[in-house]
Amino acid sequence: MKSYYSCDIVLFGGGIAGLWLLHRLRQTGYNAVLLEASKLGSEQTFRSQGIIHGGLKYSLSGSLSNAENNIARMPERWRACFRGQGEIDLSDSLISSARYYMWSNSGVRAKLKAYLGSKSLAGRISIVEKSNYPKLFNGSAISGTLYQLPDFTIDTESVVRLLSSQMQEYIYSIENSSTHFELNKKGEIDNLIIDHDNSPSDQVTLKIKAQRFIFAAGLGNEKLISSAGLRKPVAQRRPLQMVYLSKPGLPDAYVHIIGNNPSLNPQLTITTHEGADGEVVWYLGGEVAENGVKKTSGILIDETRALL
Ligand SMILES: Cc1cc2nc3c(=O)[nH]c(=O)nc-3n(C[C@H](O)[C@H](O)[C@H](O)COP(=O)(O)OP(=O)(O)OC[C@H]3O[C@@H](n4cnc5c(N)ncnc54)[C@H](O)[C@@H]3O)c2cc1C
């Protein structure tokens, strides 16, 4: 059976980028639909630490570029959404921690980086008085300075659930389908063809005409770009290998650790999550996860344990 459909925009990928864009496009009056090849949010979005960054990560050199200044606006833009006053109403989804911290140990390098970072984030970062320390730092023998950042963390599952529930009728699974593009003589996309095999006697082909096809498919973009016959745009790959920590009595931790490592990245970026059995789990990102890609998991776990 063959069916035809036309719309303004077809979006590929139902992670945070695709779902956000679907909302914004439909709010603006476009007839947009979203196609998802697997489970909504199940790739990078659910694996992430959920930090709404305000630019600290990029400010440890002491200055901010234009792009970094734009990132600086993100926490307030998202907070407005969680208050129900932003471009998308997220008031029924969850913030996992309203506070995010930066801790710098008392080493010279760490102090200098934290000082430069605090200068470039002037007005958006404050030193936390010892009496207001969160549990992790309270009563601890470790010395250094604790700062509160504008950043906060979100529960990505609740955000994806909310964004998708409001757009159900415009989201289509192509999990068991194959897709390809029909190109015109100029090499532009004419139609998207979706073939769906329910059974040998029940094959459905859907032909979609749209003014725009937008790829928000994360890792899937590379294949889509090549099947659409497009020249590859420059894209960044940033593989990570992240260690998780779980043990009884683990307190909540939401903090960048600025250490004495020579680079300008936080040495550790810790967030707290709920494990499959309801246990507390720390995700240990930051430089340790970026450098971890080249290491075996055994070596990485040993090194992270020593660092902690
Ligand atoms: C370990 C880790 C920690 C991170 N922590 C943070 C953080 O704290 N803060 C932060 O801001 N960022 C963080 N990031 C980055 C952040 O997760 C990503 O930038 C973001 O999730 C990307 O969202 P996306 O929608 O573009 O991609 P994805 O979430 O990867 O979604 C892409 C979707 O496209 C679908 N898809 C693939 N191919 C096709 C196809 N052909 N057709 C249709 N659908 C397709 C996939 O199934 C998937 O659902 C982290 C990333 C990782 C890996």
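Residues numbered from 1 in each chain as written. Predicted model: local features only at pLDDT ≥ 70, side-chain atom pairs only at ≥ 80, totals over all residues. Heavy atoms only, no water.

Undergrad: Before we go on, may I ask you to explain the sheet that holds strand β14 (residues 255–258) in this structure?
TA: Strands pair in a sheet through their backbones, by hydrogen bonds, and they do so in one of two ways: parallel or antiparallel. The strand order across the open sheet built from 7 strands is β6-β7-β5-β14-β15-β16-β13, with neighbouring strands paired in mixed fashion. Every interior strand has two partners, whereas the edge strands, β6 (126–127) and β13 (243–245), have only one. Here β6 runs beside strand β7 (residues 145–149); their pairing, made up of 2 bridges, is antiparallel. Bridging from a neighbouring strand, S126 pairs with Q148 of β7. (Pairing = 2+ DSSP bridges. Helix = DSSP H or I, 4+ residues; strand = E, 2+ residues; numbered from the N terminus.)

Undergrad: Sorry, what's going on with helix α4 (residues 74–82) here?
TA: Helical geometry: 3.6 residues make up each α-helical turn, so side chains three or four residues apart lie on a common side. For α4, every residue scored as buried is listed here: P75, W78, A80, C81 and F82. Tucked into the core, α4 has its buried residues touching α1 (16–27), β3 (51–52), α3 (66–72), β4 (95–97), β8 (152–154) and α6 (156–165). G84, located one to two residues past α4, shows a positive phi value of around 80 degrees. (Buried < 20%, exposed > 50% of the residue type's maximum accessible area, 1.4 Å probe, protein only. Contact = heavy atoms within 4.5 Å.)

Undergrad: Sorry if this is basic, but what is going on with the environment of D190 here?
TA: With respect to the helices and strands, D190 occurs in strand β11 (residues 189–199). C-alpha of D190 to C-alpha of T271: the two residues are 81 residues apart in sequence and 45 Å apart in space. Once you skip the residues sitting within four places of it in the chain, D190 turns out to touch E182, L183, N184, I208 and K209.

Undergrad: For this particular structure, what's the right way to read the domain arrangement of the chain?
TA: The extent of an interface is frequently quoted as the accessible surface area lost upon association of the parts. Per the domain assignment, the segments of the chain are domain 1 (2–46 + 160–227) and domain 2 (97–154 + 240–307). The distance between the C-alpha centroids of domain 1 and domain 2 comes to 38 Å. (Domains from an automatic or database assignment.)

Undergrad: What is the right way to look at the site of the ligand in this model?
TA: The local shell around the ligand holds 28 residues, among which A17, E36, T45, Q49 and I51 are the closest. For the ligand, a nitrogen atom lies 3.5 Å from a polar atom in the backbone of G13. Calculation on the ligand without its partners gives an accessible area of 1,000 Å², and the protein chains cover 76% of this total. Residue assignment for the shell around the ligand shows that the elements contributing at least two residues are α1, β2 (32–36) and α2 (44–47). Among the residues forming the shell around the ligand, the class breakdown is 12 nonpolar, 12 polar and 4 charged. (Near = heavy atom within 4 Å. Polar contact = N/O pair within 3.5 Å; in protein donor to acceptor, adjacent residues only side chain to side chain. Areas by Shrake-Rupley, 256 points an atom, 1.4 Å probe, with all protein chains shown as cover. Nonpolar A, V, L, I, M, F, W, Y, C, P; charged D, E, K, R; others polar.)

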